[in-house]
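Here is how the chains run, residue by residue.
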Amino acid sequence: MSSTSAPRLALLGNPNCGKTALFNLLTGTRQKVANYAGVTVERKAGWITTPQGRQAQVLDLPGTYSLVPLSHDETITHDVVTGRQAGEARPDLLVCVADATHLQLNLRLVLEAQALGVPMVLVLNMFDVAQAQGLSIDTARLSAALGMPVVTAISVRKDGALALLAQLDALLSSGLPPAQPARDADIPGPDALNARVCAILADAVQTDASRWAFTDRVDRWVLHPLWGMVLLVGVLLFMFQAVFAWAALPMDAIEAGVGWLGEQVAARMADGPLRSLLVDGVIAGVGGVLVFLPQILILFFFIFLLEDSGYLPRAAFLMDRLMGTVGLSGRSFIPLLSSFACAVPGIMATRTISHWRDRWLTILIAPLMTCSARLPVYALLIAAFIPDRSVAGLFNLQGLVLFALYLAGILSAMAVAFIVSRRGQAQGRQTPLLMELPAYRFPSARNIARGLWERGWIFVRRVGGIILALMVLLWFLSSYPAPPDGFTGNAIEMSLAGRLGHLLAPLFAPLGFDWRIVVALIPAMAAREVVVAALGTVYALSATGDGVAGALGAVVADQWSLATALSLLVWFVYAPQCIATLAAVRREAGGWKSTAIVTAYLFALAYAAAWITYRITLLWSGS
Ligand SMILES: Nc1nc2c(ncn2[C@@H]2O[C@H](COP(=O)(O)OP(=O)(O)OP(=O)(O)O)[C@@H](O)[C@H]2O)c(=O)[nH]1
Ligand SMILES: [Mg+2]
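Remember, it's a predicted structure, so these values are computed and weren't measured experimentally.

Student: Any chance you could break down helix α2 (residues 72-82) for me, citing the residues and the numbers?
Tutor: Of all eleven residues making up α2, eight are buried, and the element is well covered by its neighbours. The complete set of buried residues in α2 reads Asp73, Glu74, Ile76, Thr77, His78, Val80, Val81 and Thr82. Where α2 ends, the next residue or the one after it, Gly83, has phi of about 80°, a positive value.

Structure below.
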């Protein structure tokens, strides 16, 4: 069936009611699903085939509480369902998704949407939770009261959308009624909406008063101003400890495997450019980054766990006051949190912030949140320079340093926010955080396994794609032109990359970076973790004597001073060494000027902070 004649369905519903989970189930795709509001910020399209073989296009949309849009993501939803999206007709059918345990809130949007004049179906999602809470919903009565078919769904189960699919078949086989013109004047006011919802629910739903008891009991502790904070810090500390403690074994295994491979290739191939490319460029460079896969997976394991259980919005709630004092709105929390995985989705998630000033401020500081690409850099240098010692018998020093680096990013972001929002104080205003706290949910193992698999793949693909390509390029630039006959020094110093490194070295000398580090910093403009691969290649090529250089960590520990290592760590807390992030800033903030501001302020901050760190460490270590 061609795309022009297939019916188009749009999923409309409140945030966090399970639209994307349903979309994934129907279309077999894997869009991001998590237990907090504001996950989806874009329109996504997919295809479904009903049991009777009919095809339809489905649109997943950002969640919204009302059809009067307040923020950029809500505007997308509004424009799609009202047919105002450029180049797109109104959908043929609205599939309203409602969280069955929150009908009081969710039905308001359904009633509002009736004025759009588009045929509708109501899906009562999270029906498993509703049943567990002892809710009894009379779908026939609800359907009669609303004047639309009502089905139940459990979008996290494989067969959880069968009723909806059967309903779609029934609707499509009889032909959807044509859409009516929108009747904007018919949208009831807030009070009238509330009254209607109450009347409908009184008739069709019986609640069990104890349903929120569990979540409420837990929240008394989790949201407590003191104990909640203690728990939050404890959770984060544990997470960073685990990144080092749990990863040691698999990392050793990968490192040994990479080392073995290097030796095998070196032993079996004749000396020459190809052997050097494979051993020094590919294996030493790319293998050096691959080693960090276990740590990245552990970090994401915790992020997914926190995301899926419903803890994250509570952390946002706890942080709200603190964020308010530096001029950030509570809305910034989720985008900033996403930035810990990667600043790109974080910057995109700022679409949920309705005020431009708040949004710009969030975009400005999102790159300061420690993204997962920094982890290899941090982990390499920490493992090389920070002793693996326990502190107070409870913490591991390496984990504490990692925690401190994350904290440095957060505190700097707060400081920048404070300074910037001070300047625009005249129009400043605080929006209190109005966010729904979802019920706690047991994290789904399938969700987490899938997420980890995906994250692992993204990392491996990056290693095998951009990082590999850059390493081949770097190997080439570091090997040619070859030194003249009779040259006794290090061949790499005569190469293009070596000369460029020497040329730029004076600029970075005040930070304690030598020409080799400078050579590695240049390709790392594309992505931060490239610096690890690049150092691997540069050191492998400049290793004197024959054979392969030892593991990068050992080489670095041997040749750098502590001051240089700390200075480079601090450099990476701030430096905007990621083209993808800068591109996202340009896209979302709309212009080169904003991108230039972000780039310039981050480089300035990186330079200043690295310089201070270098100087202080030198003084402190007495050299
Ligand atoms: N138990 C249960 N959990 C569900 C069900 N449907 C979705 N979830 C969970 O509910 C949470 C929210 O799901 P999403 O699909 O991200 O919600 P959404 O409506 O797309 O949210 P936004 O994109 O923020 O508007 C996730 O943790 C899902 O795993 C369901 O039927 N039963
Ligand atoms: Mg979604």
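Student: Can you lay out the UniProt feature "domain: FeoB-type G" (unreviewed entry) in the chain for me, pointing to particular residues and giving the numbers?
Tutor: Under the feature "domain: FeoB-type G" (unreviewed entry), the UniProt entry names residues 6-174. Within residues 6-174, the helical portion is 34% and the strand portion 21%, while the C-alpha atoms at the span's ends are 14 Å from each other.

Student: A description of the coordination of the magnesium ion (ligand 2) should follow, citing residues and the corresponding values.
Tutor: Protein ligation of the magnesium ion (ligand 2) involves Thr20 (OG1) and Thr40 (OG1), the donor distances falling in the range 1.9 Å. Note that Thr20 is positioned in helix α1 (residues 19-27) and Thr40 in the loop between α1 and β2 (44-49), a separation of 20 residues in sequence. A relative accessible area of 8% places Thr20 in the buried class.

Student: Give a description of the nonpolar core that names residues and reports values.
Tutor: In this structure, Trp560 and Trp571 are the most contacted members of the largest nonpolar core, which totals 127 residues. It is helix α18 (residues 397-423) that provides the largest number of residues to this core, a total of ten residues. Beyond its immediate chain neighbours, meaning those up to four positions away, Trp571 contacts Phe508, Leu511, Phe513, Leu521, Gln577, Phe603, Ala606, Tyr607 and Ala610. Formed by 38 residues, the second largest nonpolar core is a distinct cluster that contains Ile76, Leu109, Leu122 and Val150.

Student: Tell me about the site of ligand 1, and please be specific about residues and values.
Tutor: Contacts to ligand 1 come from 26 residues, most closely from Lys19, Thr20, Ala21, Val39 and Thr40. Note that an oxygen atom of ligand 1 is positioned 2.8 Å from one of the backbone N or O atoms of Val39. Between ligand 1 and Asn125 there is a distance of 3.1 Å, counted from a nitrogen atom to a side-chain nitrogen or oxygen. Burial of ligand 1 by the protein amounts to 97% of the accessible area it has alone, namely 660 Å². Going through the elements one at a time, α1 and α4 (127-132) are the ones with two or more residues in the shell around ligand 1.

Student: How would you sum up the sheet that holds strand β3 (residues 55-60)? Please name residues and give values.
Tutor: Taken in spatial order, the six strands line up as β2-β3-β1-β4-β5-β7 in an open sheet, and their pairing is mixed. The open sheet has two edge strands, β2 and β7 (150-152), and neither has a second partner. Neighbouring strand axes in the sheet, compared pairwise and without regard to direction, differ in orientation by 30° on average. Pairing of strand β1 (residues 8-13) with β3, which is carried by three bridges, proceeds in the parallel orientation. Bridge pairing in β3 links Ala10 to Leu59. This element, α1, spans β1, β2, β3, β4 (93-99) and β5 (120-125) of the sheet and lies at about 45° to β2.

The rules behind each value
Residues numbered from 1 in each chain as written. Chains lettered and ligands numbered in written order. Predicted model: local features only at pLDDT ≥ 70, side-chain atom pairs only at ≥ 80, totals over all residues. Heavy atoms only, no water. Buried < 20%, exposed > 50% of the residue type's maximum accessible area, 1.4 Å probe, protein only. Helix = DSSP H or I, 4+ residues; strand = E, 2+ residues; numbered from the N terminus. UniProt positions renumbered as here; feature names shortened; annotations may be inferred. Donors = N, O, S within 2.8 Å, 3.2 Å for Na, K, Ca; no water. Core = buried A, V, L, I, M, F, W, Y, C linked by side-chain atoms within 4.5 Å. Contact = heavy atoms within 4.5 Å. Near = heavy atom within 4 Å. Polar contact = N/O pair within 3.5 Å; in protein donor to acceptor, adjacent residues only side chain to side chain. Areas by Shrake-Rupley, 256 points an atom, 1.4 Å probe, with all protein chains shown as cover. Pairing = 2+ DSSP bridges. Axes fitted to C-alpha atoms, helices over the stretch in contact; angles between N-to-C directions.

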